[in-house]
Amino acid sequence: MMLWVCIGGGLLTLLIAAISKKNREDCTDYTITIKNSEENIFIDANDIRKLLKSGAGFEIKGKKISEINLKKLEQLLKNNVWIRKAEMWFDNRNVLHVEVYEREPIARIFTTAGNTFYIDSTEKKLPLSERLSARVPVFTGFVDKKIYSAKDSLLLSDVKNIAAYIKNDPFWMGQVAQINITPERNFELSPVVGNHLIKLGNAKDIEKKFGRLMIFYKQVLAQKGFDAYSTIDVQYFGQVVGTKRGSDKNKVDTVMLKRRVDEMLKQMQKQYDSVAALKPIIEKPIISGTQVSTTSLRATRSQPANPNALKAESLPVKNETKPNESKPRAVMAKKERSQ
């Protein structure tokens, strides 16, 4: 037992001596690494050097290691709005390694008062940068408050989820121009190709909603033209409801628009194999008056999810009466009651 105590004490003494020796040595150099998943660099190595020099009060290279407070410098870097995480350590050659993880904008938000800012995946608000403008989904109509309520925080979380889906899908990233937040806190998309409005509703089941929208793009808009409908509503479960544009409107060049969307779809063909795996729509879209309603196989016929789906006005249709309905039925007049 005493032998192990002696050995342990000896190792501890050697370790303390090694640390003391290292602390008396000078920092030979330092390296800076900035890690992020995009090419948008909102903070660079020169910014990090300036922060370290101002925080330490001296040039780090050539300074004694004992005089460099790594914990203080790490916290200084973390206080920067564009830095999510920072780590610092010395290697066996006395080189200081500085590793920084940059915050990545996921959405740009415009408030009702006209203010604008970015948010990242943690919903942290980020200021605009004079250096670069991030290519992220744009949201308009967000509340303008200094302190968010629980509902505001939930809405910000919905913005983050929708933005993350769009940002990770190159097709929708190229097709969605901006997303407006309505006073009812629903989301409406304005597309790049086509003069129509896409109603998403809330952020629930966002993947399924975009899946139904893609099917509608492929099966209806690619054939009829991207200006054929004024609104496309995918907020109801298992349905896509398109409101047809008035006939007095100018017709679009369907061939040109179809070619443009086909080019976009070809670029993303591999990523949309999962969409092709969805159950196909057996029934063709039924156009009735000003609306077209496409219902997936999972929708319940007896209870449509859209409460307004049955309220569409119908235009006169072709008279296709069956033979047994060609003659009107005879109706006996009721006898008047004697008074």
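Residues numbered from 1 in each chain as written. Predicted model: local features only at pLDDT ≥ 70, side-chain atom pairs only at ≥ 80, totals over all residues. Heavy atoms only, no water.

Caption draft 1: Quick peek at helix α4 (residues 150-167). Compared with an ideal rise of 1.5 Å per residue, which puts 18 residues at 26 Å, α4 spans 26 Å between its outermost C-alpha atoms and is within 8% of the ideal. Taken together, the buried positions of α4 are occupied by D152, L155, L156, S157, D158, V159, K160, I162, A163, I166 and K167. (Helix = DSSP H or I, 4+ residues; strand = E, 2+ residues; numbered from the N terminus. Expected span 1.5 Å × (residues − 1). Buried < 20%, exposed > 50% of the residue type's maximum accessible area, 1.4 Å probe, protein only.)

Caption draft 2: Region of interest: the pattern of salt bridges. Applying the stated criterion across every chain yields a total of twelve salt bridges. A salt bridge links K35 to E99; the shortest N-O distance between them is 3.4 Å. One end of the pair, K35, is in strand β1 (residues 29-35); the other, E99, is in strand β3 (residues 95-102), and 64 residues separate them in sequence. Since its relative accessible area comes to 35%, K35 is described here as partly exposed. By relative accessible area, which is 14% here, E99 ends up buried. With a closest N to O distance of 3.9 Å, R93 and D91 form a salt bridge. With a relative accessible area of 61%, R93 lands in the exposed category. (Salt bridge = Lys/Arg side-chain N within 4 Å of Asp/Glu carboxyl O.)

Caption draft 3: Quick peek at the packing of aromatic side chains. Counted under the stated rule, the structure contains eleven aromatic pairs. Arranged with centres 5.4 Å apart and planes meeting at 70°, the rings of W172 and Y217 form a pair that is edge-to-face. Taken as a pair, W172 in helix α5 (residues 170-175) and Y217 in helix α6 (residues 206-224) lie far apart in primary sequence, 45 residues in all. Here W172 matches Y217 in class, with each residue buried. Arranged with centres 5.3 Å apart and planes meeting at 90°, the rings of Y217 and F226 form a pair that is edge-to-face. A residue is classified by how much of its surface remains accessible, and Y217, at 2% relative accessible area, is buried. One aromatic cluster is present, formed by Y165, F171, W172, F210, Y217 and F226 through successive ring pairs. For K85, the ring lying beneath its charged end belongs to Y101, and the centroid distance is 5.3 Å. In this structure, K125 packs its charged tip against the face of F117, placed 4.5 Å from the ring centre. (Phe/Tyr/Trp six-rings, centres within 6.5 Å; stacked < 30°, edge-to-face > 60°. Lys NZ or Arg CZ within 6 Å of the ring centre and 35° of its normal.)

Just distances and angles here, no functional claims.
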